[in-house]
Amino acid sequence: MLLPRQRVFMSLVVMLSVCVSQPTFAETKRQRRSTTAPKKPSAKAPTPASTTPLILAQGERLAYTATLNELPAGEGELSLRTERNDGHEVYRFTAQARSNELVDYLYRRRDTAEATFTAANYMPMFFRLRSKENERQREYGVQYDPQTQTLIGQVKRRDRVKERTLPAGTVHDPASALYWLRSQSFLPGATLEAEVFTGRDHYRVRARVIGKERITLGTAQRHAIRLQPEVFSLDKASQDNLL
């Protein structure tokens, strides 16, 4: 069983795995763009270290269903669109996930997430995840500080707020890590890695590309990429795979 502090991150890892493994599904949904997005205070974007093609320039909207023992357990939706921020092209990301009515009797889960990150190299500017497990609520946040060039993480629980900082430059929040990984070339045998900061915990996410195959989604055949994911804590000496 996962510890409470790991559940939020692991739910995002599952979300990441679903999206990475369904490139064709993502492509068919990109025309259904979100028409609204939450407004956030303007912040100077991190200076891009390299230029990455805007492979998701048109934005996208993805819907997925979670199952438990092959039975529907919940549903979620991700959306992405491009915007301009202080002259920089940025991505704005939103997501919602919820358990269904049947699962709610045992474990009620409601999550919402939003993020902004640079389109050039997927560097995080802002990330927030609000998570509600039954009656327990938590909020995780990551904010880029251009003056100190650090990522400021926050965890809010009831009236308590905890903060920590990490140097910016090579560290992603969960949302920007998702899209950075999706922008890579999934060559069989390749290993992809990203450092992920949730606002509280610091992880290394690693995915080895097993190969390409075709899978059945509903009644349709889709191209897919099989990955072998691993997650390691960078806050602990132990290097055990958390998955």
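Everything that follows concerns the structure shown earlier in this document.
The paragraphs below set out a description of the structure included in this document.

Procedures and definitions
Residues numbered from 1 in each chain as written. Predicted model: local features only at pLDDT ≥ 70, side-chain atom pairs only at ≥ 80, totals over all residues. Heavy atoms only, no water. Helix = DSSP H or I, 4+ residues; strand = E, 2+ residues; numbered from the N terminus. Buried < 20%, exposed > 50% of the residue type's maximum accessible area, 1.4 Å probe, protein only. Contact = heavy atoms within 4.5 Å. Patch = residues over 30% accessible without salt bridge, like charges linked within 9 Å, V, L, I, M, F, W, Y side chains within 5 Å. Areas by Shrake-Rupley, 256 points an atom, 1.4 Å probe, with all protein chains shown as cover. Salt bridge = Lys/Arg side-chain N within 4 Å of Asp/Glu carboxyl O. Lys, Arg positive; Asp, Glu negative; His and termini not counted. Charge placed at Lys NZ, Arg CZ, Asp CG, Glu CD. Pairing = 2+ DSSP bridges.

1. A look at the overall build of the protein chain
So, point 1. Looking only at helices and strands, one finds four helices and 12 strands in the protein chain.
So, point 2. For the protein chain, the proportion of its 243 residues judged to be buried stands at 45%.
So, point 3. Taking contacts inside the protein chain between residues at least 6 apart in sequence as the whole, the part at least 24 apart equals 51%.

2. Examining a nonpolar patch on the surface
So, point 1. On the surface, a nonpolar cluster with roughly 480 Å² of combined accessible area is contributed by Leu102, Tyr105 and Leu106.
So, point 2. Relative to the elements of secondary structure, leucine 106 occurs in the loop between α3 (101-104) and β4 (109-118).
So, point 3. The exposure class of leucine 106 is exposed, given its relative accessible area of 79%.

3. Examining a positive patch on the surface
So, point 1. Residues Arg158, Arg160, Lys162 and Arg200 make up a contiguous surface patch of positive charge.
So, point 2. Position of arginine 158 among the secondary structure elements: in the loop between β7 (150-157) and β8 (160-167).

4. Quick word on the sheet that holds strand β12 (residues 220-233)
So, point 1. With mixed pairing, four strands are arranged side by side in an open sheet as β9-β10-β11-β12. In this open sheet, the two strands that pair with only one neighbour each are β9 (171-172) and β12.
So, point 2. Relative to β12, strand β11 (residues 202-217) runs antiparallel, the two being bridged by 14 bridges. From the neighbouring strand, valine 205 faces β12, where its bridge partner is valine 231.

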